[in-house]
Amino acid sequence: MARIPHPLVARARRLATELLLPEAERVDQEGVPPGHVEAVKRSGLLGVAAPVDHGGSGAPSAVLREITEILAGACCSTWFVQTQHHTPVQMLAASGLPVRERLLGPLSRGELLSGVAYAHLRSHGRCPVRVRRRGDGWRFDGTVPWYTGWGLNDVLLLAGATDAGEVLFAFAEAREQPGLRASAPMRLAALTAARTVSLELDGLWLPAESVVLRTPYETWAAGDRARTRNTGPAVLGVAEAALSLLAEETAAPLRARLAGVRRRAYDLADHPFPHERTGERLAVRAEAYDVLRVATTAAVVAGGGRAMALSSRAQRLAREGLFLLVQGQTAETREAHLRTLTASGGVTAARDPGGAD
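Residues numbered from 1 in each chain as written. Predicted model: local features only at pLDDT ≥ 70, side-chain atom pairs only at ≥ 80, totals over all residues. Heavy atoms only, no water.

### Points about the overall build of the protein
Moving on, step 1. Helix and strand counts for the protein stand at 12 helices and eight strands.
Moving on, step 2. Since a compact globule built from 357 residues should have a radius of gyration of about 21 Å, the 20 Å found for the protein is in line with a globular shape.
Moving on, step 3. Across its three principal axes, the protein shows a C-alpha extent of roughly 65 × 45 × 40 Å.
Moving on, step 4. Each of the 357 residues in the protein was classed as buried or not, and the buried ones make up 54%.
Moving on, step 5. Summed over its atoms, the accessible surface of the protein is roughly 15800 Å², and 56% of this surface lies on carbon and sulfur atoms.
Moving on, step 6. On the protein, the mean spot of the 42 positive side-chain charges and the mean spot of the 37 negative ones are 1 Å from each other. (Helix = DSSP H or I, 4+ residues; strand = E, 2+ residues; numbered from the N terminus. Rg over C-alpha atoms; globule rule 2.2 N^0.38 Å. Buried < 20%, exposed > 50% of the residue type's maximum accessible area, 1.4 Å probe, protein only. Areas by Shrake-Rupley, 256 points an atom, 1.4 Å probe, with all protein chains shown as cover. Lys, Arg positive; Asp, Glu negative; His and termini not counted. Charge placed at Lys NZ, Arg CZ, Asp CG, Glu CD.)

Below you can see the structure in the form of structure tokens.
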């Protein structure tokens, strides 16, 4: 008997089939349009993991993973803009601070879309954003190197490091304002469409009521490291999309390998002790990237010269695969991935002078 998909999974497939996939090559060149964001908001997908009592669906993590695969495989740029939203929702749901009641409902119901600006915390020793007490609020100074969804998001979750060895997360409106200035959108090899900018913070003041989390750096970092060791579902979704471009006799063995990686990756993600089996998590993560590389390369090879056209889905997926190699990267995951590549004769390991993103 065929499995009946969760209603939100069915909704994601419909959104992908009717809107995201047909428009993906145009979006890749022109940018994620506001209409795509509005369609995602109306779909209910922004509340997939949000509490039911605040308008969300409270769906299990397996549903969010499946939706991620579907959206990333259809249009990685649109997926990347909306995926930022789920971290603020989850952080608000776990918070006991006043901002929870102000924002959790609107975010859970898709009335507002949130972005995130916290990856720079992974460079803690040289964290480019500092936070200091100012009156009954907090002052932010420094540079956010990467912020995705500028001009599309309604609010942003901003993080910085305090002089006391803490990290502090607070919400701000996602617009230029005193103390916050955005760069021009970056031109990137992939996902330029996601409207990524850098943010200059020069005395941005946020009230205490905007704070959602204040905790020792090591407490936050331990949880972040545990999350990034797991395989990202978007990697599997883009690989699956690439395999759909191949003849079945070519795709079949790769699809079987992908299914095996997916099963092991999600078993580990559901393991009740997230800090255990670290080596296995990193190994499966690296294997998922290898399947992604093979699948997207095969799609380009199968497409021949036509795959070099910007209208080709194969080359878009290949470039998106390059992006996913570094998305959410930490020093630990980078070193593990490089060791795997070096062991297989793929590359000569080298340290990235720029640090983790």
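So much for the structure itself; the text now carries on.
### Focus on the nonpolar core
Moving on, step 1. Formed by 63 residues in total, the largest nonpolar core has its most connected members in Ile67, Leu71, Trp79 and Leu324.
Moving on, step 2. Listed in part, the 23 residues of the second largest apolar core include Tyr118, Leu121, Val167 and Phe169. (Core = buried A, V, L, I, M, F, W, Y, C linked by side-chain atoms within 4.5 Å.)

### Concerning unusual backbone geometry
Moving on, step 1. Backbone geometry places leucine 191, a non-glycine residue, at a positive phi of 65°.
Moving on, step 2. Looking at where leucine 191 falls in the secondary structure, it is placed in the loop between strand E6 (180–182) and strand E7 (196–207).
Moving on, step 3. Phi at arginine 277 is positive, roughly 55°, even though this residue is not glycine.
Moving on, step 4. Along the chain, the position of arginine 277 falls in the loop between helix H9 (248–269) and helix H10 (278–303).
Moving on, step 5. Classification of arginine 277 by relative accessible area gives partly exposed; the value is 39%.

### Overview of the pattern of salt bridges
Moving on, step 1. Counted under the stated rule, the structure contains 30 salt bridges.
Moving on, step 2. For arginine 26, the salt bridge goes to glutamate 30, with nearest N and O atoms at 3.1 Å. With arginine 26 and glutamate 30 both in helix H1 (residues 7–30), this residue pair falls four residues apart, about one helical turn.
Moving on, step 3. We classify arginine 26 as partly exposed; its relative accessible area is 36%.
Moving on, step 4. When the shortest N-O distance is used, the salt bridge between glutamate 280 and arginine 277 registers 3.0 Å. (Salt bridge = Lys/Arg side-chain N within 4 Å of Asp/Glu carboxyl O.)

### Concerning the side chain of threonine 162
Moving on, step 1. Residue placement: threonine 162 occurs in strand E4 (residues 155–162).
Moving on, step 2. Residue classification places threonine 162 among the buried residues on the basis of a relative accessible area of 6%.
Moving on, step 3. If we skip the residues at most four places from it in the chain, threonine 162 touches Arg130, Val131, Trp138 and Leu168. (Contact = heavy atoms within 4.5 Å.)

### Some thoughts on helix H11 (residues 313–326)
Moving on, step 1. When the terminal C-alpha atoms of H11 are compared, their 21 Å separation across 14 residues agrees well with the 20 Å that a helix rising 1.5 Å per residue should span.
Moving on, step 2. Here the buried face of H11 lies against H1, helix H3 (61–74), helix H4 (76–83), helix H8 (233–243) and H10.
Moving on, step 3. Taking the backbone nitrogen of alanine 314 as reference, a side-chain oxygen 3.1 Å away marks serine 312 as the first, capping residue of H11.
Moving on, step 4. A positive phi of about 70° marks glycine 328, the residue just after H11. (Expected span 1.5 Å × (residues − 1). Polar contact = N/O pair within 3.5 Å; in protein donor to acceptor, adjacent residues only side chain to side chain.)

### Concerning the environment of leucine 324
Moving on, step 1. Considering the arrangement of structural elements, one finds leucine 324 in helix H11.
Moving on, step 2. In this structure leucine 324 comes out as buried when scored by relative accessible area, which is 1%.
Moving on, step 3. Measuring from C-alpha to C-alpha, the distance between leucine 324 and leucine 292 comes to 9.3 Å, with 32 residues separating the pair along the chain.
Moving on, step 4. In this structure, leucine 324 is in contact with Trp79, Ala234, Val235, Val238, Tyr289 and Leu292, ignoring residues within four places of it in sequence.

### What to know about the pairing of E4
Moving on, step 1. Most of E4 is tucked away, with eight of its eight residues classed as buried.
Moving on, step 2. The sheet contact formed by strand E1 (residues 114–117) and E4 spans four bridges and is parallel. Within E4, the position partnered with valine 116 by the bridge is leucine 157.
Moving on, step 3. Bridge analysis of strand E2 (residues 129–134) against E4 gives two bridges, and the strand direction is parallel. Residue pairing for E4: valine 131 is matched across the bridge by threonine 162.
Moving on, step 4. Strand direction decides the pairing type here: E4 and strand E5 (residues 166–173), joined by seven bridges, are antiparallel. Residue pairing for E5: leucine 157 is matched across the bridge by phenylalanine 171.
Moving on, step 5. Between E4 and E5, which pair antiparallel one after the other, the connecting turn spans three residues, and glycine 165 there sits at a positive phi close to 80°. (Pairing = 2+ DSSP bridges.)

### Quick notes on the side chain of glutamate 25
Moving on, step 1. By secondary structure assignment, the location of glutamate 25 is in helix H1.
Moving on, step 2. Only 2.4 Å separates the side chain of glutamate 25 from the side chain of arginine 316, close enough to count as a polar contact.
Moving on, step 3. Each residue touching glutamate 25, except ones within four places of it in the same chain, is listed here: Leu310, Ser311, Ser312, Arg313 and Arg316.

### As for the packing of aromatic side chains
Moving on, step 1. In total, this model carries seven aromatic pairs according to the counting rule given.
Moving on, step 2. On the basis of an interplanar angle of 55° and a centroid distance of 5.9 Å, the ring pair of tyrosine 118 and phenylalanine 169 is categorised as tilted. Separated by 51 residues along the polypeptide, tyrosine 118 in the loop between E1 and E2 and phenylalanine 169 in strand E5 bring together distant segments of the chain. Here tyrosine 118 matches phenylalanine 169 in class, with each residue buried.
Moving on, step 3. Here the aromatic rings of tyrosine 118 and tryptophan 220 are separated by 6.2 Å at their centres, their planes lie at 85°, and the arrangement is edge-to-face. Pair noted here: tyrosine 118 is in the loop between E1 and E2 and tryptophan 220 is in helix H7 (residues 217–228), with a separation of 102 residues, a long-range link. (Phe/Tyr/Trp six-rings, centres within 6.5 Å; stacked < 30°, edge-to-face > 60°.)

Coordinates in, geometry out; function isn't part of it.
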